[in-house]
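Letter by letter, the chains look like this.
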Amino acid sequence: MEPTTLILFGATGDLAKRKIYPALYNLFADQKLPPSFSLIGLGRREHSDASFQAHVEQSLRQFSRREIRDSASLQSFLTMFRYCILDAGRKEDYAKLLQMVEEREQALRIQPNRLFYLSVGPEFFEKIAAHIQESGLGSANGWKRLVIEKPFGHDLQTARDLNRKLSQAFTEREIFRIDHYLGKPIVQKLEELHQTDPLLRELWSSRRVANVQITASETVGVEERAGYYDQAGAIRDMFQNHMLQLLMMVASHFPADLPRGDGRSKKRSVMEALRPLVKQNTGAAVIRGQYQAGEIQNTPVIGYTAEPGIDSASRNDTFVAAKLLIDDDYWRDVPFYIRTGKRMREKSTRIVVEFKDAKTKSGSRAPNLLVFEIGPDEAITLQFQSKDSSQLEAFDPIRIDAPVSPGNVPEAYENLIDDALHGDPTFFAHWDEVELSWKWVQPVLEAFEENLVPLHLYAAGTYGPAESDRLLAEDGFHWWFDIKPNQPSEQKEGEQSYAYHTNY
Ligand SMILES: NC(=O)C1=CN([C@@H]2O[C@H](COP(=O)(O)OP(=O)(O)OC[C@H]3O[C@@H](n4cnc5c(N)ncnc54)[C@H](OP(=O)(O)O)[C@@H]3O)[C@@H](O)[C@H]2O)C=CC1
Ligand SMILES: O=C1O[C@H](COP(=O)(O)O)[C@@H](O)[C@H](O)[C@H]1O
């Protein structure tokens, strides 16, 4: 790997502390950082290099998945960190930054390969990109890359505007748009499995698949992000980016000989084939919800509009479910159901692929399932049905679990930062994907804005509004749930294994 200087905007912020420093430390411990690596942290807050290094150390102690035992190794990691005070809007601060970057490059005798990481609010994205170009920071004789966090725009038009501005300073090949779901190991596995597994390829179409269900449910509420979340809602916060990326990953056909990075054109094809919604009819395919007070794991929690910083009259969506159709030769007539919400019953991100039926004589359904558990558990599970020998009409699910890479699994941010350091764009969102996602979502945003879609209230600690069941019931399907042993009411005494069910 080539020597690199990582220039981190937002170095004093929450994301840097919780995700970026621990990821870098793990890459360092796994000897995956470039041989000559240095990081310059930026923010308005006062820091010396020493106090910044102490801040980084504290974040590692709090958030690293790896226990920090070797203090010599920790020290050699921290000595790579420098700090520079910078106000994103002040031109002269970039001149100071350029000087510092050049001094570091000279001291380390390294080429000016610069990775600019924008871990700041979206209001700074355009401004910082422009200053990088104007100051000369981006025109040295090495490579430059821009890693950019979400949100990428607030709707289709603002996303296009942002992209146009960024394109004045960086080419598409230089822009690495983070969607941390693409860094999750099981999501990455989807592409690999598809390329390498002939059986899976054989199964992956409307000939065999009855429907696909993609769920990201969270138990947390709005947390400390009221200002942002009340403007974004689940539709922008999760659906437009993470959920549609999961849809693209599961629906794409990645050929075995696909060169690395080219999978993004397959994802684009999926988005191009997605049947668009018409604003007036959105309510038939989209359910929106908002959580009320309820109980999560036996603890009472308040409703969304009682949360600090949320307008008591807010009609913001904390839950979205939708039925999507992909009009291509693989997936025609196979519904893809997506749902995501906060303050739901369990924390779980999962894709369930339901295969076409094995029907019992009495007509009850017993489909086989392939389930990708993306988080917090990571596993790939095949659940198929076997006849219960004691009851001729009954089927019993048999579940085969393949835990993926048990042990020291890299976190999403490790995978993504590693890829950005290598210049590998495979698991970053290409502009085409982002634009097509916004295009699909735009009528939904407008329908929500104009109240054309009812807002269903749901009690915290449930699976969201009951109306979301309707989306599937109309097609003769149900959401699949995992009955976990920590939900004792559903667990039969002495039962070791458990299965996906349609009721809970
Ligand atoms: N936190 C998270 O879990 C996630 C965050 N993100 C995204 O990451 C980005 C950063 O989020 P997060 O770390 O939570 O935000 P924080 O509010 O915690 O941090 C913001 C950072 O921006 C810096 N900053 C603010 N104003 C300026 C300015 N005028 N000039 C220079 N620096 C400035 C702050 O430094 P200082 O105060 O020292 O100036 C601070 O380091 C956002 O785009 C967010 O949407 C995405 C996914 C998850
Ligand atoms: O990007 C976001 O993701 C998190 C959920 O991420 P996960 O990795 O824990 O599934 C979500 O809580 C947050 O609101 C959103 O901005």
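Residues numbered from 1 in each chain as written. Chains lettered and ligands numbered in written order. Predicted model: local features only at pLDDT ≥ 70, side-chain atom pairs only at ≥ 80, totals over all residues. Heavy atoms only, no water.

- An unreviewed UniProt entry annotates the protein chain as Glucose-6-phosphate 1-dehydrogenase originating from Paenibacillus oceani.
- UniProt, in the comment section headed Pathway (unreviewed entry), describes the protein chain in these words: "Carbohydrate degradation; pentose phosphate pathway; D-ribulose 5-phosphate from D-glucose 6-phosphate (oxidative stage): step 1/3." (UniProt positions renumbered as here; feature names shortened; annotations may be inferred.)

### Topic: the overall build of the protein chain
Next, step 1: Secondary structure assignment for the protein chain yields 14 helices and 19 strands.
Next, step 2: Over its C-alpha trace the protein chain gives a radius of gyration of 24 Å, about what one expects of a compact globule, namely 23 Å for 504 residues.
Next, step 3: The C-alpha extent of the protein chain, read off along each of the three principal axes, is 80 × 50 × 45 Å.
Next, step 4: Burial statistics for the protein chain: of 504 residues in total, 55% are counted as buried.
Next, step 5: Within the protein chain, residue pairs in contact and separated by at least 24 positions form 74% of the contacts whose partners lie at least 6 positions apart.
Next, step 6: Of the roughly 22000 Å² of accessible surface on the protein chain, a fraction of 48% belongs to carbon and sulfur atoms. (Helix = DSSP H or I, 4+ residues; strand = E, 2+ residues; numbered from the N terminus. Rg over C-alpha atoms; globule rule 2.2 N^0.38 Å. Buried < 20%, exposed > 50% of the residue type's maximum accessible area, 1.4 Å probe, protein only. Contact = heavy atoms within 4.5 Å. Areas by Shrake-Rupley, 256 points an atom, 1.4 Å probe, with all protein chains shown as cover.)

### Here we look at the environment of A95
Next, step 1: Looking at the secondary structure, you find A95 in helix 4 (residues 91-108).
Next, step 2: With 37 residues separating them along the chain, A95 and I132 place their C-alpha atoms 9.6 Å apart.

### Points about the UniProt feature "domain: Glucose-6-phosphate dehydrogenase NAD-binding" (unreviewed entry) in the protein chain
Next, step 1: The sites that carry the UniProt feature "domain: Glucose-6-phosphate dehydrogenase NAD-binding" (unreviewed entry) are, in the present numbering, residues 7-188.
Next, step 2: Secondary structure content for residues 7-188 is 46% helix and 15% strand, and the end C-alpha separation is 27 Å.

### A short note on the site of ligand 2
Next, step 1: Taken together, the residues surrounding ligand 2 are K150, H180, Y181, K184, E218, R225, D237, M238, H242, K342 and K347.
Next, step 2: The separation between an oxygen atom of ligand 2 and a polar side-chain atom of K150 is 2.9 Å.
Next, step 3: At 2.8 Å, a side-chain N or O of K347 approaches an oxygen atom of ligand 2.
Next, step 4: Taken by itself ligand 2 offers 400 Å² of open surface, and the protein chains cover 81% of this. (Near = heavy atom within 4 Å. Polar contact = N/O pair within 3.5 Å; in protein donor to acceptor, adjacent residues only side chain to side chain.)

### Examining the site of ligand 1
Next, step 1: By nearness alone, 21 residues border ligand 1, and T12, R18, R44, A88 and V120 come closest of all.
Next, step 2: Between T12 and ligand 1, the recorded distance is 2.7 Å, taken from a side-chain N or O atom to an oxygen atom.
Next, step 3: Relative to its unbound accessible surface of 880 Å², ligand 1 loses 78% to contact with the protein.
Next, step 4: The greatest single-element share of the shell around ligand 1, amounting to three residues, is contributed by helix 1 (residues 14-29).
Next, step 5: Here the shell around ligand 1 is built from residues that sort into eight nonpolar, six polar and seven charged. (Nonpolar A, V, L, I, M, F, W, Y, C, P; charged D, E, K, R; others polar.)

### Structural notes on the pattern of salt bridges
Next, step 1: Applying the stated rule across the entire model yields 32 salt bridges.
Next, step 2: A salt bridge links E414 to R65, with the shortest nitrogen-to-oxygen separation between them at 2.8 Å. Linking E414 in helix 12 (residues 412-422) with R65 in the loop between helix 2 (49-63) and helix 3 (71-78), this pair joins segments that are 349 residues apart in sequence.
Next, step 3: R65 gets classed as partly exposed once you look at its relative accessible area, which sits at 32%.
Next, step 4: With its nearest N and O atoms 2.9 Å apart, the salt bridge here joins E202 to R207.
Next, step 5: The network of salt bridges with shared partners includes R90, E92 and D93. (Salt bridge = Lys/Arg side-chain N within 4 Å of Asp/Glu carboxyl O.)

### A look at the packing of aromatic side chains
Next, step 1: For the structure shown, the criterion picks out 22 aromatic pairs.
Next, step 2: Summarising the aromatic geometry, the rings of F152 and W431 are spaced 5.9 Å apart at their centres and angled 50 degrees between planes, so their arrangement reads as tilted. One end of the pair, F152, is in the loop between strand 5 (144-148) and helix 6 (156-167); the other, W431, is in helix 13 (residues 431-449), and 279 residues separate them in sequence.
Next, step 3: Judged by relative accessible area, which is 8%, F152 ranks as buried.
Next, step 4: With a relative accessible area of 12%, W431 lands in the buried category. (Phe/Tyr/Trp six-rings, centres within 6.5 Å; stacked < 30°, edge-to-face > 60°.)

### Quick look at unusual backbone geometry
Next, step 1: With an omega of 0 degrees, the peptide bond between K150 and P151 qualifies as cis.
Next, step 2: Mapped onto the fold, P151 is located in the loop between strand 5 and helix 6.
Next, step 3: In the Ramachandran plot, R109 falls in the positive-phi region, its phi being about 55 degrees despite a non-glycine side chain.
Next, step 4: Considering the arrangement of structural elements, one finds R109 in the loop between helix 4 and strand 4 (114-118).
Next, step 5: In this structure, N451 is a non-glycine residue whose phi angle is positive, near 55 degrees.

### Description of helix 12
Next, step 1: Among the eleven residues that make up helix 12, ten are buried, leaving the element largely enclosed by the rest of the structure.
Next, step 2: A412, Y413, E414, N415, L416, I417, D418, D419, A420 and L421 are the residues of helix 12 that are buried.
Next, step 3: With its phi angle positive at about 75 degrees, G423 sits one or two positions after the end of helix 12.

### Considering the UniProt feature "binding site: substrate" (unreviewed entry) in the protein chain
Next, step 1: When the UniProt feature table is mapped to this numbering, "binding site: substrate" (unreviewed entry) covers H180, K184, E218, D237, K342 and K347.
Next, step 2: Locating H180 in the fold gives a position in the loop between strand 6 (175-177) and helix 7 (185-196).
Next, step 3: Classification of H180 as partly exposed rests on a relative accessible area of 26%.
Next, step 4: In contact with H180, other than residues within four places in its own chain, are H242, A412, Y413 and L416.
Next, step 5: Turning to its location among the elements, K342 is positioned in the loop between strand 12 (335-341) and strand 13 (348-355).
Next, step 6: Once residues lying within four places of it in the same chain are set aside, the contact partners of K342 are E218, V220, G221, V222, Y229, D237, Y291, T318 and Y458.

### Points about the packing of helix 7 against helix 9 (residues 226-251)
Next, step 1: The geometry of helix 7 relative to helix 9 is characterised by a closest axis approach of 9 Å and an angle of 25 degrees between their N-to-C directions. Taken together, the axes of helix 7 and helix 9 are roughly parallel relative to one another. Between helix 7 and helix 9 lies a crossing whose hand is left-handed. Each of V187, L190 and E191 in helix 7 lies in contact with helix 9, whose residues at this interface are L246, M249 and V250.
Next, step 2: Split by residue class, the contact of helix 7 with helix 9 holds five nonpolar, no polar and one charged. (Axes fitted to C-alpha atoms, helices over the stretch in contact; angles between N-to-C directions. Parallel < 35°, antiparallel > 145°, perpendicular 65-115°, else oblique. Left-handed = near helix turned anticlockwise from the far one by under 90°.)

### What to know about the confidence of the model for the protein chain
Next, step 1: Within the protein chain, residue pLDDT values average 91, and 90% of them lie at 70 or more.
Next, step 2: Scored below 50 in pLDDT, residues 485-498 shows 16 contacts in the model against residues more than four places distant or in partner chains. (pLDDT = per-residue confidence, 0-100.)

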